[in-house]
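# Remarks on the overall topology
Listed below are the residues making up each chain.
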Amino acid sequence: MLHLIKLSVGPKDVGQLRELQARRAVADPPLRHQTRMVPKRAAEITAGGSIYWVVAGFVQVRQRILEIRDEAWEDGTSCAGLVLDPTLVPVAARPVKPFQGWRYLEPAAAPLDVAAGAEAEGIEALPARLRQELRSLGLI
């Protein structure tokens, strides 16, 4: 099994990512993310892998990748369609420096899921808006 990690460009928080994906899932099912490069290790990814989303400089959630398809954008350019489970699973947030495209993420390096109902600790216990403001100021 293998994962991907990718910057979520546009959404400023996980709520905006969730809303954007909900609209896409209704407008053009199934829910998927299109990316220029087709992963060469697709079989390993579809064997239980996830895409870990970096939102506002922190990896915060993941989604299972159900399938990787050969697709094309509206202009005919070929791309990969990553078919995603619509469930966003919270993970232990950690900062990630910006990068382009996606990267492979070995399971041992992936952040752990945050258990449903688990009490947040440390910085994660702060209200989301306060954490966002502190991040924007470069304080966390």
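Our structure's up above, just so we're on the same page.
What comes next concerns the included structure. (Residues numbered from 1 in each chain as written. Predicted model: local features only at pLDDT ≥ 70, side-chain atom pairs only at ≥ 80, totals over all residues. Heavy atoms only, no water.)

## So, the packing of aromatic side chains
Formally: Only centres within 6.5 Å qualify two rings of Phe, Tyr or Trp (six-membered ring in Trp) as a pair; their planes then separate them into stacked at under 30 degrees, edge-to-face at over 60, and tilted for everything else. Each residue is placed in one exposure class: buried if its accessible area under a 1.4 Å probe, protein chains only, is under 20% of its type's maximum, exposed if it is over 50%, and partly exposed if it falls in between. Should the NZ of a Lys or the CZ of an Arg lie within 6 Å of a ring centre and within 35 degrees of the ring normal, that charge is described as sitting over the ring.
This model, assessed by the stated rule, comprises one aromatic pair. Ring geometry for Trp102 against Tyr104: centres 5.1 Å apart, planes inclined by 70°, an arrangement best described as edge-to-face. On the basis of relative accessibility, which here comes to 14%, the residue Trp102 falls in the buried class. The residue whose ring lies beneath Arg41 is Tyr104, and the NZ or CZ to ring-centre distance is 5.2 Å.

## Some remarks on helix α1 (residues 14–27)
For clarity, the threshold we go by: In this text, helices come from DSSP runs of H or I with a minimum length of four residues, and strands from runs of E with a minimum of two, each type numbered from the N-terminal end. Each helix should span, by expectation, one fewer than its residue count multiplied by 1.5 Å. Here, the arc refers to the directions that run from the helix axis to the C-beta atoms. We call two residues contacting when some pair of their heavy atoms lies within 4.5 Å. By the criterion applied in these results, polar contacts are pairs of N or O atoms within 3.5 Å in which, for protein atoms, one can donate a hydrogen and the other can accept it, and in which residues neighboring in sequence qualify only through two side-chain atoms.
For α1, built from 14 residues, the straight-helix expectation of 20 Å at 1.5 Å per residue is met to within 8% by its first-to-last C-alpha distance of 20 Å. Along α1, the positions that sit buried rather than exposed are Val14, Leu17 and Gln21. Down the axis, α1 shows its buried residues gathered within 55° of arc, on one side only. Of the exposed residues in α1, those oriented more than 90 degrees away from the buried face are Arg23, Val26 and Ala27. In this fold, the buried residues of α1 make contact with β3 (50–55), β4 (58–72) and β5 (78–84). At the N-terminal end of α1, a side-chain oxygen is found 3.1 Å from the backbone nitrogen of Gly15, two or three residues along, and the residue is Asp13.

## Considerations on the layout of surface pockets
Here is the rule we go by: Residues are called lining when one of their atoms sits within 4 Å of a cavity or pocket point, these points coming from a 1 Å grid over the protein atoms alone, where a cavity is a set in which a 1.4 Å probe fits but cannot get out and a pocket is an open set with protein on both sides within 12 Å along at least five of seven lines. Grid points are joined across faces, edges and corners, and a volume is the space filled by probe spheres set on the points. Here the nonpolar group is Ala, Val, Leu, Ile, Met, Phe, Trp, Tyr, Cys and Pro; Asp, Glu, Lys and Arg are the charged ones; every other residue, Gly included, is treated as polar.
If you add up the space inside the second largest pocket, you get close to 360 Å³. If you trace the second largest pocket, you find 18 residues lining it, with Leu20, Arg24, Arg32, His33 and Gln34 closest to the centre. Residue assignment for the lining of the second largest pocket shows that the elements contributing at least two residues are β1 (3–7), α1 and β2 (32–35). Tallied by class, residues from the lining of the second largest pocket come to ten nonpolar, four polar and four charged.

## Some words on unusual backbone geometry
For the bond from Pro29 to Pro30, the omega torsion is -5°, close enough to zero to count as cis. By the element assignment, Pro30 lies in the loop between α1 and β2. The phi torsion at Ala56 lies on the positive side, around 55°, for a residue other than glycine. Note on placement: Ala56 falls in the loop between β3 and β4.

## Concerning the pattern of salt bridges
Our working definition: The working definition used for a salt bridge is a side-chain nitrogen of Lys or Arg within 4 Å of a carboxyl oxygen of Asp or Glu.
Scanning the entire structure with this criterion turns up six salt bridges. A salt bridge links Arg32 to Asp28, with the nearest nitrogen and oxygen atoms 2.9 Å apart. A relative accessible area of 43% places Asp28 in the partly exposed class. In this structure, the salt-bridge partner of Glu71 is Arg32, at a minimum N-O distance of 2.9 Å. One end of the pair, Glu71, is in strand β4; the other, Arg32, is in strand β2, and 39 residues separate them in sequence. The pair Glu71 / Arg32 is uniform in exposure class, with both members buried. Each of Asp28, Arg32 and Glu71 takes part in salt bridges that share partners, so that together they form one network.

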